[in-house]
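# What the coordinates show
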Amino acid sequence: MLKDMATAIERPEESISALFAANISTVDQAAIKVYLAILDSGAAHRSAQSRLFHSLGTHRTQGRFAVLRALYFAENGTLTQREIRHDVRVTAPNISQLIDALERDGMVQRKVGQKDRRVTYVELTPKGWQLADALVPAMARLMSNSLDGFTDEEKARFHEFLIRFRRNVEGNSLSPAPRLP
């Protein structure tokens, strides 16, 4: 009994998926268990990332890091706002907010295009370069360490599985839920 309790605490997806299966006859318990493990893994990743940011003396969000990363790998640390939005995969209003916040922090600056004044360029400032020089390699280590113990073949298969999962979630057209009282 004590061992079962420890497993339930250590792996809550086991007990939660069992509850779904016991109470809803049409569910795929194995699918629910995997889905819950993915959610828990995402939460663990966000927590590890937050600890990493804090250890470097910064409190960046994933979105702000993604902008810094895109600029860090760009030629001369400069991209158009549209290029950053495409790289980071967020909406135009979201990218504006992320860049606004980084600009307030002195990490990036905007410049109007010389040839086309409708184009806005974003570039790292010296302060932004300094942070990115520490943050980008540290994130690369976190990403690599997250898959310690996996073979290259397992990593490739895991990647394929996650791509399929994402496509299923993005394309999932759920039937309307019953109206709540």
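Heads up: these notes are all about the structure in this document.

Turning our eyes to something else, we now look at the sheet that holds strand β1 (residues 78–80). Across the sheet, three strands lie side by side as β1-β3-β2; this open sheet has antiparallel pairing. Strand pairing shows two members of the sheet lacking a second neighbour, β1 and β2 (108–112), which therefore form its edges. Direction aside, the axes of adjacent strands within the sheet are offset by 30 degrees on average. Looking at chain direction, β2 and strand β3 (residues 120–124) are connected through five bridges and run antiparallel. Each residue of the ladder has a partner; that of R110, found in β3, is V122. Contacting β1, β2 and β3, helix α5 (residues 81–88) crosses the sheet at an angle of about 90 degrees to β1. Those strands touched by helix α6 (residues 92–104) are β2 and β3, and its axis lies near 115 degrees from that of β2.

Looking now at the nonpolar core. Core analysis: the biggest nonpolar cluster contains 28 residues, and V67, L68, L71, I84, I95, I99 and V108 have the highest contact counts within it. With seven residues, the top contributor of residues to this core is helix α7 (residues 126–145). When residues no more than four places from it in sequence are discounted, the contact partners of L71 are G77, T78, L79, I84, V108, V122, L124 and W129.

Definitions and cut-offs
Residues numbered from 1 in each chain as written. Predicted model: local features only at pLDDT ≥ 70, side-chain atom pairs only at ≥ 80, totals over all residues. Heavy atoms only, no water. Pairing = 2+ DSSP bridges. Helix = DSSP H or I, 4+ residues; strand = E, 2+ residues; numbered from the N terminus. Axes fitted to C-alpha atoms, helices over the stretch in contact; angles between N-to-C directions. Contact = heavy atoms within 4.5 Å. Core = buried A, V, L, I, M, F, W, Y, C linked by side-chain atoms within 4.5 Å. Buried < 20%, exposed > 50% of the residue type's maximum accessible area, 1.4 Å probe, protein only.

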